[in-house]
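# Structural characterization, general
Chain by chain, the residues run as shown.
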Amino acid sequence: MIKCRDVMDVMERIAPKKLAEEWDNPGLLVGSPEDEVRRILVCLDVREELVERAKAENFQMIVAHHPVIFRGLKKLRTDLPDGRLLGALLRAGVAVFAAHTNLDCVEGGVNDVLAARIGLDPATLVPLSNADSLSESLGRIGKLPKKIDAKAFAERVKKGLGVLTVRFISGGTRPVKTVGICSGSGAEFIERAAFMGCDAFVTGDVRYHDAQRAASLGIHVIDAGHFATERPIVDILVSRLTEELGDKIEVVADDRARDFFEIV
Ligand SMILES: [Zn+2]
């Protein structure tokens, strides 16, 4: 048996807290470093059904990508969703640790896993945002092994992420070789990617006017969804935590969560 503190130490090595954006809220958000841990559940989101599972299957700790407490908490009302969730965690005695933008940025983190899934050559990756190193950048720019047609690239993204559909915004007839990515919600970087010479940009949460801007800048955009661009990190985190702690505890992926968005 180990303590929460030991998991926190390993997570600090995987995704140092100092890499997080200023507005972010990573770290141990529920529980105590002294809590004992035998089983860990790894997920993107702490949802109510996940807390139920943690309780039923004896997980003492959840390691999540999205912080369960994000905006300032001013009340803990259990008749409202946020308070209900936190109340359920406390009653179940389940600790929650979050690695958010620090896990997005860090080498080997969410963006690098996404880059690998969509076929970017890892040796070509450079920061997308204005940063000195990959580990300080929320996104990446990388190259495909060879130029391909934009729609063919969209198909590659679908296959790499295991999704049936993506939203495709055409930037014209240019083929795709240089690709910008930002896992999760990265439409704010479309313009930067275009100016840095990207043929295409892959992210989630793209809005109508982002699409309009992309089309006018002549960059293809593939909106593969917030969930799908981040979900691959869950299995990677399970392996990393198992590598470091696996002889003492069991680490399991949340394999039941689905994208909130369904195609109907
Ligand atoms: Zn996210």
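Residues numbered from 1 in each chain as written. Predicted model: local features only at pLDDT ≥ 70, side-chain atom pairs only at ≥ 80, totals over all residues. Heavy atoms only, no water.

The next point concerns the domain arrangement of the chain. Frequently, the measure chosen for interface size is the accessible area that the parts lose on association. By the assigned domains, the chain splits into domain 1 (2-103) and domain 2 (107-229). Computed over C-alpha atoms, the centres of domain 1 and domain 2 are 29 Å apart. Counting from both sides, the interface comprises eight residues of domain 1 and, opposite them, seven residues of domain 2. Roughly 600 Å² of surface becomes buried between domain 1 and domain 2 when both sides are summed, with 65% attributable to carbon and sulfur atoms. It is Leu-19, Leu-44 and Leu-103 in domain 1 that bury the most area against domain 2; as a group they hold 53% of the surface buried on that side. (Domains from an automatic or database assignment. Contact = heavy atoms within 4.5 Å. Buried area = accessible area lost by both parts, 1.4 Å probe.)

Distances from the zinc ion to its protein donors, namely His-66 (NE2), His-226 (NE2), Glu-230 (OE) and Glu-230 (OE), fall within the range 2.0 to 2.3 Å. What the four donor atoms of the zinc ion show is an angle range of 56 to 131° at the metal, which sorts the shape as irregular. Between consecutive donor residues of the zinc ion, the sequence gaps follow H-x159-H-x3-E. Placement of the pair is His-66 in the loop between strand E5 (61-64) and helix H3 (81-92) and Glu-230 in helix H9 (residues 226-230), with a sequence separation of 164 residues. One exposure class covers both His-66 and Glu-230, and it is buried. (Donors = N, O, S within 2.8 Å, 3.2 Å for Na, K, Ca; no water. Tetrahedral: all angles 85-135°; square planar, octahedral: opposite > 155°, others 65-115°. Helix = DSSP H or I, 4+ residues; strand = E, 2+ residues; numbered from the N terminus. Buried < 20%, exposed > 50% of the residue type's maximum accessible area, 1.4 Å probe, protein only.)

Moving on: the side chain of Asp-112. Its location among the elements puts Asp-112 in helix H5 (residues 110-117). Polar side-chain contacts of Asp-112 include one of 2.7 Å to the backbone nitrogen of Gly-108. Setting aside chain neighbours within four positions, we find Asp-112 in contact with Val-106, Glu-107, Leu-125 and Arg-140. (Polar contact = N/O pair within 3.5 Å; in protein donor to acceptor, adjacent residues only side chain to side chain.)

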